[in-house]
2 protein chains.
Amino acid sequence: MEGQRVARPTDAQQEVPAMVDQSDVRNRMLSSLPSDDFNIVAPYLEALKLDRDYVLILPHIPIEHVYFVEKGMVSVVAEKADGRSIEVGVYGRDGMSGTPLLLGSNQTPHHHYMQIGGCGFRMEAADFQKVVAQSPALHLVLLRFVHVFMTQTAQTALVNGSSIIEERLARWVLMCRDRLDSNEFPITHDFLSMMLGVRRSSVTDAIHLLEGAHLIKATRGNIQILDRDRLERAAGASYGVPEAEYRRLIGPL
Amino acid sequence: MEGQRVARPTDAQQEVPAMVDQSDVRNRMLSSLPSDDFNIVAPYLEALKLDRDYVLILPHIPIEHVYFVEKGMVSVVAEKADGRSIEVGVYGRDGMSGTPLLLGSNQTPHHHYMQIGGCGFRMEAADFQKVVAQSPALHLVLLRFVHVFMTQTAQTALVNGSSIIEERLARWVLMCRDRLDSNEFPITHDFLSMMLGVRRSSVTDAIHLLEGAHLIKATRGNIQILDRDRLERAAGASYGVPEAEYRRLIGPL
DNA sequence: ATGCTATCGTACGTTACCGTACTGTGATTG
DNA sequence: CAATCACAGTACGGTAACGTACGATAGCAT
């Protein structure tokens, strides 16, 4: 399913969209900019609805647009030749989608798609390259996001190889909470099983364990966090490292 | 154990070390540079022996030197608070050690140390920053290496979550082969168990499986590849993605 | 209201891997 | 040459997670 443009007031204004006001922006990469830098970026931003399953990046296909998420969450998924796939990272309003363009590549082997629907801005890849060259502040914060995201992926490799499903689930729920501003979000066991790379019914079992400890409450297609602190303890040592890097280099989320 | 400086011809020459000849350089980041760019970099390179266990980067400690490996292999290791650790990537003469400095961070949460001893060059961090600003060609190839390394880490997350030990071992052996120029290299089961995040005796079992199929031959503290092609098939779908990215963006290794 | 489909609950035999631990052996050192 | 030690082989009970599969239920559409 494709995301749709947010309707503009009138057709006549489509050619000259209203400038985005920085104080309304929730995306961290944009809101943290000095206003002079933001003004360089703003004219190229196009507001978009980003429904669940909306594809931001297809594997091995040149990137045409970069996305700044305002609301919702993106899954970055790696796929094996045999069809098995697993989530290697997530981001929401804490990041953006076009990092390979900063690293001298116009594509990536990974899928980026909306796991939790929301909205955001997009920008043409060519404009993005131009704007980054004009704004060192934007360039820096984006490179720092790349560093943090690498850390998150490395941490995912670590827990995939050494943590039980219950801990990995707790970690995922916490990461999701960090990126939405809600203790509750729509997600099915089936999707979680793809993200964690495990059986659907193993997810069900793990959810029941966390529910039994009153850390979360799960209803059909939905998960609600009841006790954030204890959930963090349930994640064990598997949560926190990239989050600390983010705070150190970019700021609080 | 610390690596040692390669002995210079005389003490008198220590202040003015002989300029490195690019045609002798095996590191891909350096050898792929146009000679004008190489000449910018060369004066700052200090040749070093890099013994096994030599530490290139300590977690959460500011990076003082960056390293260009000529021979040998580096393990990048992530650690959990509970002490468990796992390898999230490797590099040798295909890369370098100072990538966080390119991404607006002077440190990283990960350990970088020589897994297979060798030699290389190092450069002071401040000089590195200066040189990168002067050579766009160097800057580009290094950023591309960051992209490829991210891909490798993501692939590690994928296989840690979805492949059996035998396949992961085959992948590791192949990656090692790619970075040394030898079908044979020194490594113990114990080290491999730390790299793969599994029991030492599980490594022994997996090695016996690959040995039984005549893909490798293992002796005390040593592994030899007998049949590279079939080993690649034994790795299943777990090997090849970052390697293809490297060839696409940087060149053959 | 009724049927349909997505989602979830649960079960059972199977397997990969674990923790632990003890034995054997090649290599190095005194 | 003997002693020692790092390294590798092997074993055994235990368990997390698997593949598969079938039933239950909730929400949606007709």
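A brief report on the enclosed structure follows.

Quick notes on the rules
- Along each chain, numbering runs from 1 in the same order as the chain's sequence is written.
- Both sets of labels track the order of writing: A upward for chains, 1 upward for ligands.
- With the structure being a predicted model, the display of local features is reserved for residues of pLDDT at least 70 and the display and counting of side-chain atom pairs for 80 or more, all residues being used for whole-chain, interface and lining totals.
- Only the C-beta atom, placed from the backbone, is used; a residue is near a molecule or strand if that atom lies within 6 Å of it.
- Counting from the N terminus, the helices are the DSSP runs of H or I reaching at least four residues and the strands are the DSSP runs of E reaching at least two.
- Amino acids are sorted into nonpolar (Ala, Val, Leu, Ile, Met, Phe, Trp, Tyr, Cys and Pro), charged (Asp, Glu, Lys and Arg) and polar (every other residue, Gly among them).
- In this description, any two residues whose backbone-derived C-beta atoms lie within 7 Å of each other are considered to be in contact.
- Think of it as a crowd count around each C-beta: if 20 or more other C-beta atoms lie within 10 Å the residue is buried, if 12 or fewer it is exposed, and in between it is partly exposed, with C-beta placed from the backbone throughout.
- Only when DSSP finds a minimum of two bridges between them are two strands counted as paired.
- Angles shown run from 0 to 180 degrees and are taken between the N-to-C directions of axes, each axis being a line fitted to C-alpha atoms and, for helices, limited to the stretch in contact.
- Small angles under 35 degrees read as roughly parallel and large ones over 145 as roughly antiparallel, with 65 to 115 read as roughly perpendicular and the rest as oblique.
- The least-squares superposition of copies is restricted to C-alpha atoms, and to residues with a pLDDT of at least 70 in both copies.
- Helices are assigned an expected span. That span is 1.5 Å times one less than the residue count.

**Topic: the protein's contact with DNA strand D**
Alright, step 1. Near DNA strand D you find 15 residues, and of these I164, V198 and S202 of chain A together with T188 and S201 of chain B are the closest.
Alright, step 2. Sorting the residues of the surface near DNA strand D by element identifies α8 (200–212) of chain A together with α7 (189–196) and α8 (200–212) of chain B as the ones contributing at least two each.
Alright, step 3. Taken together, the residues that form the surface near DNA strand D break down as 4 nonpolar, 7 polar and 4 charged.

**Considering the interface of chain B and chain A**
Alright, step 1. Between chain B and chain A, the contact holds 36 residues from the first and 36 residues from the second.
Alright, step 2. When residues of the side of chain B that touches chain A are traced back to their parent elements, those giving at least two are β4 (85–91), α5 (136–162) and α10 (241–249) of chain B.
Alright, step 3. For the side of chain B that touches chain A, the element with the most residues is α5 of chain B, which contributes 16 residues.
Alright, step 4. In the side of chain B that touches chain A, the residues fall into 17 nonpolar, 14 polar and 5 charged.

**Observations regarding the pairing of β4 of chain B**
Each regular strand carries side chains that alternate between the two faces of the sheet.
Residues and elements named next belong to chain B.
Alright, step 1. Counting buried residues in β4 gives 6 out of 7 residues, a clear majority hidden from the surface.
Alright, step 2. Sheet topology places strand β3 (residues 65–79) next to β4; 6 bridges connect them, and they run antiparallel. By the bridge assignment, V76 is partnered in β4 with G89.
Alright, step 3. Connecting the antiparallel pair β3 and β4 is a turn made up of 5 residues, with G83 showing a positive phi of about 100 degrees.

**Focus on the packing of helix α7 (residues 189–196) of chain A against α8 of chain A**
The relative placement of two packed helices is expressed as an angle between their axes plus a distance between the axes.
Residues and elements named next belong to chain A.
Alright, step 1. Relative to each other, α7 and α8 sit at 105 degrees, their axes nearing to 8 Å. Here α7 lies roughly perpendicular to α8, going by the angle between them. Residues H189, D190, L192, S193 and L196 of α7 pack against R200, S202, V203, T204 and I207 of α8.
Alright, step 2. Here the contact of α7 with α8 is composed, by residue class, of 4 nonpolar, 4 polar and 2 charged.

**Looking at the sheet that holds strand β8 (residues 222–225) of chain A**
Residues and elements named next belong to chain A.
Alright, step 1. Strand order in this open sheet of 3 strands is β6-β8-β7, and the pairing throughout is antiparallel. If you trace the sheet from one side to the other, it starts and ends with β6 (184–186) and β7 (216–219), each paired once. Averaged over neighbouring strand pairs, the angle between their axes works out to 15 degrees when direction is ignored.
Alright, step 2. With 3 bridges connecting them, β6 and β8 associate as antiparallel partners. The residue of β8 that forms the bridge with P186 is N222.

**Some remarks on the environment of L158 of chain A**
Alright, step 1. Along the polypeptide, L158 of chain A turns up in helix α5 (residues 136–162).
Alright, step 2. Residue class for L158 of chain A comes out buried when judged on the 27 C-beta atoms lying within 10 Å of it.
Alright, step 3. It is 8.1 Å that separates the C-alpha atoms of L158 of chain A and S238 of chain A, two residues lying 80 residues apart in sequence.
Alright, step 4. Beyond its immediate stretch of four places on either side in the chain, L158 of chain A contacts A78, K80, I86 and V88 of chain B.

**A few points about the sheet that holds strand β6 (residues 184–186) of chain B**
Strand-to-strand pairing in sheets goes through backbone hydrogen bonds, with the strands running parallel or antiparallel.
All names here are of chain B.
Alright, step 1. Strand order in the open sheet formed by 3 strands is β6-β8-β7, with antiparallel pairing between adjacent strands. Taken across any chain shown, the strands that pair with only one partner, and hence form the sheet edges, are β6 and β7 (216–219). Going across the sheet, the axis of each strand differs from the next one's by a mean of 15 degrees, ignoring polarity.
Alright, step 2. Here β7 pairs with strand β8 (residues 222–225) via 4 bridges, running antiparallel. What sits directly across from T219, in β8, is N222.

**Let's talk about the relation of the copies chain B and chain A**
Alright, step 1. Expressed as a screw transformation, the operator carrying chain B onto chain A has a rotation angle of 180 degrees and an axial translation of 0.0 Å, and the superposed copies differ by an RMSD of 0.0 Å. Such a combination of rotation and displacement between the chain copies is what one expects of a two-fold axis. Taking C-alpha positions as the reference, the residue of chain B nearest the rotation axis is A157 of chain B, at 1.8 Å.
Alright, step 2. The overlap is high: 100% of the interface residues of chain B also sit at the interface in chain A, so the same surface is used on both sides.

**What to know about the environment of M195 of chain A**
All names here are of chain A.
Alright, step 1. Among the structural elements, M195 can be located in helix α7.
Alright, step 2. Here the alpha-carbon distance between M195 and A47, two residues 148 residues apart in the chain, equals 28 Å.
Alright, step 3. Here M195 is in contact with S75, E87 and W172, once residues within four sequence places are set aside.

**A few points about the protein's contact with DNA strand C**
Alright, step 1. Close to DNA strand C lie 15 residues, the nearest being T188 and S201 of chain A together with I164, V198 and S202 of chain B.
Alright, step 2. Of all the elements in the fold, those that place two or more residues in the surface near DNA strand C are α7 and α8 of chain A together with α8 of chain B.
Alright, step 3. Looking at the surface near DNA strand C residue by residue, the class counts come to 4 nonpolar, 7 polar and 4 charged.

**Details of α8 of chain A**
Residues and elements named next belong to chain A.
Alright, step 1. In this model α8 runs 18 Å from its N-terminal to its C-terminal C-alpha over 13 residues, within 8% of the 18 Å that 1.5 Å per residue would give.
Alright, step 2. Packed against the buried residues of α8 are α6 (165–179), α7, β7 and α9 (228–234).
Alright, step 3. H214 lies just past α8 and shows a positive phi near 60 degrees.

**Some remarks on unusual backbone geometry**
Alright, step 1. In this structure, D53 of chain A takes a positive phi of about 80 degrees despite not being glycine.
Alright, step 2. Here D53 of chain A lies in the loop between β1 (46–50) and β2 (55–57).
Alright, step 3. When the 13 C-beta atoms within 10 Å are taken as the criterion, D53 of chain A is described as partly exposed.
Alright, step 4. Located in the positive-phi region is H60 of chain B, a residue other than glycine, with phi close to 65 degrees.
Alright, step 5. Here H60 of chain B is to be found in the loop between β2 (55–57) and β3.

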